[in-house]
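Chain residues, written in single-letter form:
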Amino acid sequence: MNAPANFTRETVSLPIEGMTCASCVGRVERALRIVPGVLDASVNLATERADVRLAGPVDRAELIRAIKDAGYTVTASTIELAIDGMTCASCVGRVERALHAVPGVIEATVNLATERATVKGSVEVAMLIEAVAGVGYEARPVNRSGAANAEAEAQKEDERRVLSRDLAISAGLTLPVFLIEMGSHVIPGVHHLIASTIGMSASWLIQFALTSLVLAFPGIRFYRKGIPALLRGAPDMNSLVAVGTLAAYAYSLVATFAPVLLPAGTVNVYYEAAAVIVTLILLGRVLEARAKGRTSEAIKRLVGLQAKTARVRRGGSIAEVEVSDVAPGDIVEVRPGDRLPVDGEVIEGESWIDESMITGEPLPVAKYAGAVVTGGTVNQTGAFAFRATAVGGNTMLAQIIRMVEEAQGSKLPIQGLVDKITMWFVPAVMTLAALTFGVWFFFGPDPALTFGLVNAVAVLIIACPCAMGLATPTSIMVGTGRGAELGVLFRKGDALQGLQNARVVALDKTGTLTEGKPTLTDLVLAEGFDRADVLSRIAAVEAKSEHPIARAILKAAEAEGLVLPAVRSFESITGFGVTAQVGGIRVEIGADRYMAQLGHDVGAFAETAARLADEGKSPLYTAIGGRLGAIIAVADPVKATTPEAIRALHDLGLKVAMITGDNRRTAEAIARQLGIDEVVAEVLPDGKVAAIKRLKALGPVAFVGDGINDAPALAEADVGLAIGTGTDVAIEAADVVLMSGSLKGVPNAIALSRATMRNIRQNLFWAFAYNAALIPVAAGALWPVSGILLSPVFAAGAMALSSVFVLGNALRLRRFAAPMAEPARVAT
């Protein structure tokens, strides 16, 4: 087929999931080649990508559909764009609709506070940028490199500087206009002074000249954006300002240069209204820009924690290199006072490291050979060397920054209502302004034209939806940033909203309530068995297991200097125990349910088991050669911070539940010690999800866990909180990550969620109540009963202050006091 003359042949690249062999490749290629407009298709199994050469314009959605019909899927990628030119909630809705309309886009979220759009789907960046430009805004891809971040911050600083400069110019030009016109109205002597010196005509000409400069230079931004938006049938906040100020300015022009066109008694000028409106709105923009800068300070502080250089062993000497040049496996040397450049494992030396920026814990942590260290933390006293294990975007600090940015850019469910309202808000306001003008013009007192104009302009100016658009995202930004400072990372923004509703906090026991490092405390033998023989056989079997209890038994055998016999045929029975052949004899180790399954009667140890359970210890049994040989007690000490954290949860009005595989008697003993309300005991690893479902009968459940087997329960809970020192799988399944290894982060996270949502509700109430109350006042609703009208000048001031109020209220979250915040450290 012939391509259009103006079409440049292009190649579209698509990531594909589900291909396993060469026949899959052929199937996808054939499916793509029959799409009209496709010249050729080449699919690579190794890279799992399809490169499609186009002979003409082809809808990307057609290519995706062809791949899907062939039985495969196109991987959705996430693209982040910086959006310039948005000023209010209606801008957000317009950009989102434009992005959703691009073929291949699955989801698009736009955030006014961060001025960013997050797009998920399979789509070219150029198409997204073009779509945004089509509705009057500018977009560019977000580059997450340090240099790009610095460049973006410099650009924002330039914008703030330009705004401040234009405000100064506008204020300087507006002040004489305001003094001349308003002074004449307020102070009779000023009116006579002007009339007897320069004359009223000359004063109007001066006001005309100064106001024209205000509108043509500092105020031109409103017309460049507002008028095209209005012509496209998609008015925004700039359109409201543009129409309002131009109406006042045009009316004043007619009054100044063609007064005969106006009815008698209506010849007045409103230059000061147009000039003051521009000045006050610029003032609001300046204050808003400064406040927005403060909302992202948590991210700036995190970025500032990244080291710039590293001392790396290269070719037998130490070389100081850029952090970006450090590779996994490099040996990095650290001196006292150094900030660690990347993540790694200590191989030489020892020291104390301040990890408060990661965990929120104030006390330095001892590090020695084999210990894990984190980039961005600060070395205290000693010198050591470590092997780099994660660099660049894979470091813990980079992941924290990424999680915080994603949470800050997310949109809460509560925002959906705001979006629906603001979509129609600006057109509704313009309709209301026109209606206001009509009512005053046809039914108002003389001079009706003047009254109609002034009140319509006041309605246009006061109803700007800036505060609505900023109400939610600014609170999210400040709240998630404060959380990061406390070691609480909201991986998903909607966890902020979900966590406030939690009524039950369910806690996994091992590694969450406890240290996760059990120790062998008791070994009681059956008659005819030798302690050393039994312990060596048990330890030999447990040496094959990764369970914490196994390590406790092995450590006890090593402490007694026992030689472990050879082991064959090891088998782990999930949720029950382990078995193996040790020196030709079958050894079975597990809980009472495992012994019952094997046909062993544990009644002989009933009294001992009851005593151990009452002491909060977990009894295990071993059978050797088909006979019950011993009962073992393993205790996992409770973390020092656990009792205080549970009290804090109770203070927040929450029920606390414990989910454990321990037998009920042991579990209830621990629960009594800690004051836990609900106990779900004897739960097999795959039974935690069912336990969460049962607990939901008491209310929304927040589950806290740290292990691989906790991941399904974390996903099942209304909100999942992962202990940050746990496994990557658990962290990926969670909505919230607690960077410290203690439970203190749980009450902190819940209290912060409640404070943030309370702040959002305050902001939304202000934004909506402000408009609901003042739009009728601006339209003149108080005139019949009190003779009060709202000047457009005061309307502009009120509009600017509404956004500043919302931002200021959100910034209060920076001072959020966590219920379990650590006391400040005293410098020594």
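Residues numbered from 1 in each chain as written. Predicted model: local features only at pLDDT ≥ 70, side-chain atom pairs only at ≥ 80, totals over all residues. Heavy atoms only, no water.

The subject of this paragraph is the side chain of asparagine 455. By secondary structure assignment, the location of asparagine 455 is in helix 15 (residues 448-462). The buried category is assigned to asparagine 455, whose relative accessible area is 0%. A polar atom in the side chain of asparagine 455 sits 3.0 Å from the backbone oxygen of phenylalanine 451. Apart from residues no more than four positions distant in its own chain, asparagine 455 is found in contact with Thr436, Trp440, Ala778, Ala779 and Leu789. (Helix = DSSP H or I, 4+ residues; strand = E, 2+ residues; numbered from the N terminus. Buried < 20%, exposed > 50% of the residue type's maximum accessible area, 1.4 Å probe, protein only. Polar contact = N/O pair within 3.5 Å; in protein donor to acceptor, adjacent residues only side chain to side chain. Contact = heavy atoms within 4.5 Å.)

Moving on, we get to the confidence of the model for the chain. Predicted coordinates in regions of low pLDDT should not be interpreted in detail. When pLDDT is averaged along the chain, the result is 83, and 89% of the positions lie at 70 or above. Per-element averaging of pLDDT across the chain places helix 27 (residues 728-733) at the bottom with 60 and strand 11 (residues 331-334) at the top with 95. Considering only residues more than four positions removed or in separate chains, one finds that residues 1-8, a stretch of pLDDT under 50, has 10 contacts. Segment residues 823-828 is flagged for pLDDT under 50; beyond a separation of four residues in sequence, or across chains, it makes 3 contacts in the model. (pLDDT = per-residue confidence, 0-100.)

Examined bridge by bridge, strand 9 (residues 309-314) and strand 10 (residues 317-322) share 6 bridges and lie antiparallel to one another. Following the sheet pairing, threonine 309 is matched in strand 10 by glutamate 322. Remark: 2 residues form the turn of the hairpin made by strand 9 and strand 10, two consecutive strands paired antiparallel; glycine 315 in that turn has positive phi of roughly 60°. (Pairing = 2+ DSSP bridges.)

Strand order in this open sheet of 7 strands is 18-30-29-28-19-26-27, and the pairing throughout is mixed. The open sheet is flanked by strand 18 (488-490) and strand 27 (678-680), the only strands paired with a single partner. Taken over all neighbouring pairs, the strand axes of this sheet differ in orientation by 20° on average, direction set aside. Here 3 bridges tie strand 26 (residues 655-659) to strand 27, and the two strands are oriented parallel to one another. Across the sheet, residue alanine 657 finds its bridge partner in strand 27, namely glutamate 678. (Axes fitted to C-alpha atoms, helices over the stretch in contact; angles between N-to-C directions.)

On the surface, a cluster of positive charge is contributed by Arg758, Arg761, Arg812 and Arg815. Within the secondary structure layout, arginine 758 lies in helix 28 (residues 745-779). (Patch = residues over 30% accessible without salt bridge, like charges linked within 9 Å, V, L, I, M, F, W, Y side chains within 5 Å. Areas by Shrake-Rupley, 256 points an atom, 1.4 Å probe, with all protein chains shown as cover. Salt bridge = Lys/Arg side-chain N within 4 Å of Asp/Glu carboxyl O. Lys, Arg positive; Asp, Glu negative; His and termini not counted. Charge placed at Lys NZ, Arg CZ, Asp CG, Glu CD.)

Here we take up helix 23 (residues 642-651). Taken residue by residue, helix 23 has Thr642, Ala645, Ile646, Ala648 and Leu649 as its buried positions. The buried side chains of helix 23 occupy one side of the element, clustering within an arc of 155° when seen end-on. Opposite the buried face of helix 23, at more than 90 degrees from it, the exposed residues are Arg647 and Asp651. Packed against the buried residues of helix 23 are strand 19 (504-508), helix 18 (509-513), strand 26, helix 24 (664-674) and helix 28. Immediately downstream of helix 23, the backbone of glycine 653 shows phi near 80°, a positive value. (Arc of directions from axis to C-beta.)

Another point: the packing of aromatic side chains. Per the stated rule, a full pass over the model turns up 13 aromatic pairs. Sitting above the plane of the phenylalanine 576 ring, arginine 593 keeps its charged end 5.8 Å from the centroid. (Phe/Tyr/Trp six-rings, centres within 6.5 Å; stacked < 30°, edge-to-face > 60°. Lys NZ or Arg CZ within 6 Å of the ring centre and 35° of its normal.)

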